[in-house]
Amino acid sequence: METEQRIFDPRAGLWLLIAANLIAFRPHAFWLELALIGLLLVLILGHGRLTMAAKWAVGYCALVAFQQFILPMSPMIIATSFTIFATYTRRMFPCLMTGALMLTCTPLRYLIVALRQLHIPQKLIVAISVTLRYFPAIREEIGYIRDAMKLRNIRGLDRLECTVMPLMVSATETAEELSAAAVTRGIENPARKTSAVSLRISPLDFLGMLAGLALLVISFVVQ
Amino acid sequence: MSEPIKRRGMSGKDVITVGIFSAIYFVINFAFMLLGGLHPLLWILMPGFIALFTGIPYLMMCAKVQKVGSVLLMGLITGLIYYVTGQFTVVILVSFVLACGLAELTRGLTHYRSMAGNLVSFVLFSVGMVGSPLPIWLMREDFLRQITEQGMPADYVNTLEALSSNVMLVVLFLAPVVGAIIGGFIARAMFRKHFEKAGLV
């Protein structure tokens with residue numbers, strides 16, 4: 001059951017996202033930010049993503065260094081372009097980390113089970129999962145359309161129209177086919193769905209949730 | 001599909017259709033969001049650009065799913081994906097839900113079929129994207145304080161102050177309205193030219 005343990009609990013992820021968001025929009029001290037980043041790094045490491053943790057740590061240091069040392073010295077045009085961006089990214093950094101952790105360590109079906117447990121309406125869950133699954137299909141589709149346009153030598157503004165139209169047509173067709181398949185499999189059955197995977201929160205994720213709560217409380221208490 | 005069914009929830013098929021068009025909407029949206037990282041001005045105009053280019057998937061979705069809740073669902077999906085990937089904030093989730101609620105209401109009042117009603121709802125829906133650059137204003141003190149601490153030249157501070165001034169806030173809200181109107185008309189021309197002939201709408 002090695003792989004089972006490595007799954008980042010989606011509920012922990014959703015909670016940490018809320019916490020990170022709330023902390024980001026409160027005036028907070030540098031050490032609190034560091035603590036939050038540290039906590040997330042520990043979580044990423046706990047899920048066995050060594051290189052990922054290293055990348056985020058380096059990224060954070062680079063961002064802080066960029067903001068503190070390079071921006072003040074750089075020419076006006078660069079500085080105006082990036083100050084807002086850098087400040088914003090630094091604030092959102094914990095959220096980005098949590099998001100990245102969820103993307104790599106939480107498979108879609110676990111997220112769906114978690115959303116179901118949280119009593120999110122079934123319709124919303126279905127729509128979200130269809131959306132997420134359709135992204136790779138869009139890329140594939142655009143690749144085909146591009147090839148076809150090369151063959152017919154379509155250039156300039158025409159390209160835009162000639163990309164959008166087939167994309168819309170194929171999206172419509174996919175919607176029809178997919179819903180026929182889904183209805184056959186009982187998507188409209190009002191009964192409660194069962195699931196092959198069961199969610200059990202790991203001690204690490206649970207501690208992570210508690211630590212997130214603690215940091216949130218601290219950010220409200222300590223000004 | 002052809003006869004309007006009112007006061008009935010969405011079927012599985014409707015939900016899937018909304019999901020697929022949301023994916024297309026999101027991809028366009030995301031592309032412009034990446035562009036917005038280049039310069040704050042681009043970021044502020046971003047909702048406008050997005051509105052200009054997303055008219056077709058949005059109106060297509062409207063034409064396909066003429067039921068209560070479709071727009072709300074589309075907005076919720078986009079907001080949630082942004083939220084879960086950590087790219088955006090609670091602010092965007094709130095602005096999106098508000099805008100979608102209004103858009104949904106407009107569609108409801110115009111009985112889902114009318115093109116004009118859908119256009120108005122698209123304008124409202126597009127305004128929801130302002131939640132993305134809005135934190136610039138919420139964090140305004142923070143970065144102004146920071147650059148003053150670092151002893152930046154005065155003209156630099158002025159540039160940033162101008163970028164985050166109240167005038168720009170108006171621009172932020174106007175850009176999606178203008179973009180959505182133009183985008184909506186482009187979409188309508190496309191509908192006439194292609195989809196109606198092909199019998200898709």
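Predicted model only: the values in this text are computed from it and were never measured.

A.B. asks: I tried to follow the overall build of chain B on my own but got confused; where do I start?
C.D. replies: If you tally the helices and strands in chain B, you get nine helices and zero strands. Ordered by position from N to C terminus, the α and β elements of chain B give α-α-α-α-α-α-α-α-α. When the 201 residues of chain B are sorted by exposure, 52% land in the buried category. Restricting to contacts in chain B with at least 6 residues of sequence separation, those with at least 24 account for 78%.

A.B. asks: Looking at this structure, I do not really get the domain arrangement of chain A. What am I missing?
C.D. replies: By a widely used convention, the size of an interface equals the accessible area lost when the partners come together. Taken as a whole, chain A is organised into domain 1 (10–106 + 201–221) and domain 2 (120–184). The gap between the C-alpha centroids of domain 1 of chain A and domain 2 of chain A is 34 Å.

A.B. asks: Please clarify how helix α3 (residues 70–84) of chain B should be interpreted in this entry.
C.D. replies: In an α-helix, one turn spans 3.6 residues, which is why side chains three or four residues apart end up on the same side. With 15 residues, α3(B) should reach 21 Å at 1.5 Å per residue; the first-to-last C-alpha distance of 21 Å fits that figure. Among the 15 residues of α3(B), 14 are classified as buried, and the element is accordingly described as predominantly covered.

A.B. asks: What is the right way to read the interface of chain A and chain B from this model?
C.D. replies: Taken together, the 46 residues of chain A in the interface contact 49 residues of chain B. Of all elements in the fold, only α2 (10–24), α5 (76–105), α7 (122–152) and α8 (158–184) of chain A reach the threshold of two or more residues within the side of chain A that touches chain B. The biggest single contributor to the side of chain A that touches chain B is α5(A), with 17 residues. Class assignment for the residues of the side of chain A that touches chain B results in 32 nonpolar, 11 polar and three charged.

A.B. asks: Is there a simple way to explain unusual backbone geometry in this structure?
C.D. replies: Trans is the prevailing form of peptide bonds, just as negative phi is the prevailing case for residues other than glycine. One non-glycine residue, H119(A), lies in positive phi territory at about 60°. Mapping H119(A) onto the fold places it in the loop between α6 (108–117) and α7.

A.B. asks: How should I be thinking about the environment of I50(B) in this particular structure?
C.D. replies: Residue and element names in this part refer to chain B. Among the secondary structure elements, I50 is positioned in helix α2 (residues 40–64). Distance from I50 to V171, taken between C-alpha atoms, is 15 Å for residues 121 residues apart in sequence. For I50, the contacting residues outside a window of four places in its chain are I28, N29, F32, S126 and M129.

A.B. asks: Mind showing me how you'd approach the environment of M115(B) here?
C.D. replies: Residues and elements named next belong to chain B. Considering the arrangement of structural elements, one finds M115 in helix α5 (residues 115–127). Classification of M115 by C-beta neighbours within 10 Å gives partly exposed; the count is 15. Along the primary structure M115 and A63 are separated by 52 residues, whereas in three dimensions their C-alpha atoms are 8.8 Å apart.

A.B. asks: Looking at this structure, I do not really get the packing of α7(A) against helix α1 (residues 12–36) of chain B. What am I missing?
C.D. replies: Between two packed helices, what matters for the description is the angle formed by their axes and the separation of those axes. In the contact formed by α7(A) and α1(B), the axes pass within 7 Å of each other and the chain directions differ by 50°. It follows that α7(A) is oblique to α1(B) by the angle criterion. Crossing hand, α7(A) versus α1(B): right-handed. Where α7(A) approaches α1(B), its residues K123(A), V126(A), A127(A), V130(A), T131(A), Y134(A), F135(A) and I138(A) are matched on the opposing element by V15(B), I16(B), V18(B), G19(B), I20(B), S22(B), A23(B), I24(B), F26(B) and V27(B). Along the lines of polarity and charge, the residues of the contact of α7(A) with α1(B) split into 14 nonpolar, three polar and one charged.

A.B. asks: Would you mind showing me how to read the confidence of the model for chain B here?
C.D. replies: Detailed reading of the predicted coordinates is not advisable wherever pLDDT falls low. Residues and elements named next belong to chain B. Chain-level pLDDT for chain B is 81 on average; 86% of the residues reach the 70-or-more range. The least confident element of chain B is helix α7 (residues 140–149), whose mean pLDDT is 68; the most confident is α5, at 89. Of the regions scoring below 50 in pLDDT, residues 1–7 engages in five contacts with residues more than four places distant in sequence or in other chains. Taken over the whole predicted complex, pTM reads 0.82, whereas the ipTM for its chain interfaces reads 0.77.

A.B. asks: Would you take a moment to explain the packing of α5(B) against helix α9 (residues 166–198) of chain B for this structure?
C.D. replies: Residue and element names in this part refer to chain B. With their axes 8 Å apart at the nearest point, α5 and α9 run at an angle of 145° to one another. Here the hand of the crossing between α5 and α9 comes out right-handed. Residues M115, L119, F122, V123, S126 and V127 of α5 touch α9, and the partners they reach there are F173, P176, V177, G179, A180, I181, G184 and R188. When grouped by side-chain class, the residues that make up the contact of α5 with α9 number 10 nonpolar, three polar and one charged.

Definitions and cut-offs
Residues numbered from 1 in each chain as written. Chains lettered and ligands numbered in written order. Predicted model: local features only at pLDDT ≥ 70, side-chain atom pairs only at ≥ 80, totals over all residues. Helix = DSSP H or I, 4+ residues; strand = E, 2+ residues; numbered from the N terminus. Buried ≥ 20, exposed ≤ 12 C-beta atoms within 10 Å, placed from the backbone. Contact = placed C-beta atoms within 7 Å. Domains from an automatic or database assignment. Expected span 1.5 Å × (residues − 1). Nonpolar A, V, L, I, M, F, W, Y, C, P; charged D, E, K, R; others polar. Axes fitted to C-alpha atoms, helices over the stretch in contact; angles between N-to-C directions. Parallel < 35°, antiparallel > 145°, perpendicular 65-115°, else oblique. Left-handed = near helix turned anticlockwise from the far one by under 90°. pLDDT = per-residue confidence, 0-100.

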